[in-house]
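# Secondary and tertiary structure notes
As a plain string of letters, each chain reads:
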Amino acid sequence: MAIRFELLHTCKQSGARYGLLHTPHGTFETPIFMPVGTLATVKTLTPEEIKEVSDGLILGNTYHLWLQPGEDIVKAHGGIRGFMHWDGALLTDSGGFQVFSLTDMRKIKEEGVYFKHHKSGESLFLSPEKAIEIQEKLGADIIMSFDECPPHDASYEYTRDSLARTLRWAERGKKALTTDQALFGIVQGGLYDDLRLESAKKLIEMDFPGYSIGGLSVGESKSEMYRILDLLNPVMPKDKPRYLMGVGSPDDLVEGVIRGVDMFDCVLPTRNARHGTAFTTTGKIQIRNKQFEWDMTSLDPNLQTPFSKYSKSYIRHLFKAEEILGMRIMTYQNLAFLKQLMKEIRQAILEDRLLDFKKEFFTRYGYLK
Ligand code: GUN
């Protein structure tokens, strides 16, 4: 197990955790946000730029890289890090989530999942062992168990049976691992409290170096997600990192940290950016809006980036004209914004004032308006 987590401070006001995550490719302060680099690229940015707008830990996807270009080509380059020339640390998701979210006509069996390629229609099979084998070739520092993320409105019986299988898959993945990559178990169980607690308990008994919380931010309400996090917070081991998968709106990051989460990833900042939505220190804006046609100010007057010289009017023009530079500028902004937010969150934890910070931030950002 090549990672180590040190819990260094617990915020007296909120219970939020500040710690250090030691990996073979760097030590990272937590809570941390990890930008998503699904296909061995954080869309539109160079690795040098990713370095500037991240804390040095990013995510890649097993499902996508397995299908394209294939894990052996990635391995021949020295894994994802060599392939994309990323000298920071990496985490890969197992592919489970993508099989369930991107494909239809799946057949879930005890041995794994049979499904069709989301574009070509080719017949494919992914199993807990295969997901580990691929992730070993991709070479990330932290890897994920193969899991099923059931729909948030799945019945109790479906979710119970799915969870039981996901726990067996976690055990099989653990047995299949031949490297010292840190394999995390993923807590599932939908919105059912007893299933969530059972999932956490069984995974903790299996003793993983870290625990992911999956199956959230999949269509349920925010209050339901926060309820599950509140439920899990006291039962998760204090000395292991906790990773909330696929969550990354600014308010959910703050609320997640308050509920004991140490790591996050989400496509939201990068995907929103490509659709013209910017996170700024004074709130969210849609750059295509007419109100910015003559706006000569920078995207975010409170956040200096190498792109700060450009006016909103210019960036709006780039989007209207479908020029790629517009997407780059917005991607940089949104990730720089989240990096800054996580830094402020960590500082507030260390100063035992995260609830005060939440109030200030939500007022500034517009959630309380
Ligand atoms: N990404 C977001 N949610 C999930 C989940 O439940 N499982 C996995 N493997 N990845 C995710």
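As the structure is a prediction and not an experimental result, all values here were calculated from the model.

It is worth spelling out the UniProt feature "binding site: substrate" (unreviewed entry) in the protein at this point. UniProt feature "binding site: substrate" (unreviewed entry): in the numbering of this structure it lies at Asp 93, Ser 94, Gly 95, Gly 96, Phe 97, Asp 147, Gln 188 and Gly 215. Restricting the annotated residues just mentioned to those that line the largest pocket leaves Asp 93, Phe 97, Asp 147, Gln 188 and Gly 215. Residue placement: Phe 97 occurs in helix H5 (residues 96-102). Look at Phe 97 and you get partly exposed, because its relative accessible area is 34%. Every residue in contact with Phe 97, bar those within four places of it in the chain, is listed here: Asp 147, Cys 149 and Val 218. Looking at the secondary structure, you find Gln 188 in the loop between strand E11 (182-187) and helix H8 (193-206). Residue classification places Gln 188 among the buried positions, given a relative accessible area of 2%.

This part takes up the sheet that holds strand E10 (residues 142-144). Read from one edge of the open sheet, eight strands run E4-E14-E13-E12-E11-E10-E6-E5, paired in parallel fashion. Either end of the sheet is taken by a strand with one partner, and the two such strands are strand E4 (32-34) and strand E5 (57-61). Adjacent strand axes in the sheet meet at a mean angle of 25° when their direction is disregarded. As paired strands, E4 and strand E14 (residues 263-265) are joined by three bridges and run parallel to one another. Bridge pairing in E14 places Phe 33 opposite Phe 264.

Moving on: the layout of surface pockets. Approximately 830 Å³ is the volume found for the largest pocket. Taken together, 36 residues form the lining of the largest pocket, with Thr 38, Asn 61, Gln 98, Val 267 and Arg 271 sitting closest to its centre. Taken together, the elements giving at least two residues each to the lining of the largest pocket come down to E5, helix H2 (62-67), H5 and helix H11 (268-274). For the lining of the largest pocket, the element with the highest residue contribution is H5, accounting for four residues. The residue makeup of the lining of the largest pocket, split by class, is 14 nonpolar, 15 polar and seven charged.

Moving on, we get to the packing of aromatic side chains. In the structure shown here, the tally under the stated rule is 15 aromatic pairs. Here the aromatic rings of Tyr 156 and Tyr 192 are separated by 5.2 Å at their centres, their planes lie at 85°, and the arrangement is edge-to-face. Of the two residues, Tyr 156 is situated in helix H7 (residues 156-176) and Tyr 192 in the loop between E11 and H8; the sequence distance between them amounts to 36 residues. Tyr 156 sits in the partly exposed class, given a relative accessible area of 28%. Among the residues examined, Tyr 192 registers a relative accessible area of 25% and is labelled partly exposed. Residues Phe 208 and Tyr 211 carry aromatic rings whose centres are separated by 6.3 Å and whose planes lie at 85° to one another, so their mutual orientation is edge-to-face. With respect to class, Phe 208 is no different from Tyr 211; both count as buried. An aromatic cluster is present here, built from Phe 279, Phe 337, Phe 357, Phe 361, Phe 362 and Tyr 365 joined pairwise through their rings. The ring of Trp 169 carries the charged tip of Arg 165 above its face, separated from the ring centre by 5.9 Å.

This part covers the site of the ligand. Asp 93, Ser 94, Phe 97, Asp 147, Cys 149, Ile 186, Gln 188, Gly 214, Gly 215, Met 245 and Gly 246 make up every residue found near the ligand. Taking Asp 147, its side chain carries an N or O atom lying 2.7 Å from a nitrogen atom of the ligand. With respect to the ligand, the side chain of Gln 188 contributes an N or O atom lying 2.9 Å from an oxygen atom. Surface burial for the ligand is 95%, taken as the share of its 280 Å² of free accessible area covered by protein chains. Spatially, the ligand is embedded in the largest pocket.

Another aspect to go through is helix H13 (residues 324-350). For H13, built from 27 residues, the straight-helix expectation of 39 Å at 1.5 Å per residue is met to within 8% by its first-to-last C-alpha distance of 40 Å. Positive phi appears at Asp 352, one or two residues downstream of H13, with a value of about 55°.

Cut-offs used in this document
Residue indices follow the written sequence of each chain, beginning from 1 at its first position. Where totals are concerned, whole chains, interfaces and linings use all residues; where local detail is concerned, this predicted model gives features only for residues with pLDDT of at least 70, and gives and counts side-chain atom pairs only at 80 or more. In computing side-chain properties, one takes all heavy atoms of the structure into account and sets aside hydrogens as well as water. UniProt positions are given in the numbering used here, feature names are shortened, and annotations may be inferred rather than shown by experiment. For each structure, a 1 Å grid was placed over the protein atoms alone; sets of points admitting a 1.4 Å probe that cannot get out are labelled cavities, open sets with protein on both sides within 12 Å along at least five of seven lines are labelled pockets, and lining residues have an atom within 4 Å of a point. Segments assigned H or I by DSSP are reported as helices when at least four residues long, segments assigned E as strands when at least two residues long, and all are numbered from the N terminus. To sort residues, take the accessible area from a 1.4 Å probe on protein chains only and compare it with the maximum for the residue type: under 20% means buried, over 50% means exposed, and anything in between is partly exposed. Two residues qualify as a contact provided that any one of their heavy atoms is within 4.5 Å of a heavy atom in the partner residue. When DSSP locates at least two bridges between a pair of strands, those strands are taken to pair. Only C-alpha atoms enter the line fits that serve as axes; for helices the fit covers just the stretch in contact. Angles between N-to-C directions range over 0 to 180 degrees. Grid points are joined across faces, edges and corners, and a volume is the space filled by probe spheres set on the points. Gly is put with the polar residues, along with every residue not named as nonpolar or charged; the nonpolar set is Ala, Val, Leu, Ile, Met, Phe, Trp, Tyr, Cys and Pro, and the charged set is Asp, Glu, Lys and Arg. In summary, the pairing rule links any two rings of Phe, Tyr or Trp, Trp by its six-membered ring, whose centres are within 6.5 Å, and it sorts them by plane angle into stacked for under 30 degrees, edge-to-face for over 60 and tilted for everything else. Two thresholds decide whether a charge sits over a ring: the Lys NZ or Arg CZ must be within 6 Å of the ring centre and within 35 degrees of the ring normal. It suffices for a single heavy atom of a residue to lie within 4 Å of a molecule or strand for the residue to be listed as near it. Here a polar contact is taken to be a pair of N or O atoms separated by no more than 3.5 Å, where protein atoms must pair a possible hydrogen donor with a possible acceptor and residues adjacent in sequence count only if both atoms sit in side chains. Areas reported here follow the Shrake-Rupley algorithm with a probe of radius 1.4 Å; residue values treat only the protein chains shown as occluding. Whether a molecule sits in a cavity or pocket is decided by its atoms, more than half of which must lie within 2 Å of the grid points. What a helix is expected to span follows from its residue count: subtract one and scale by 1.5 Å.

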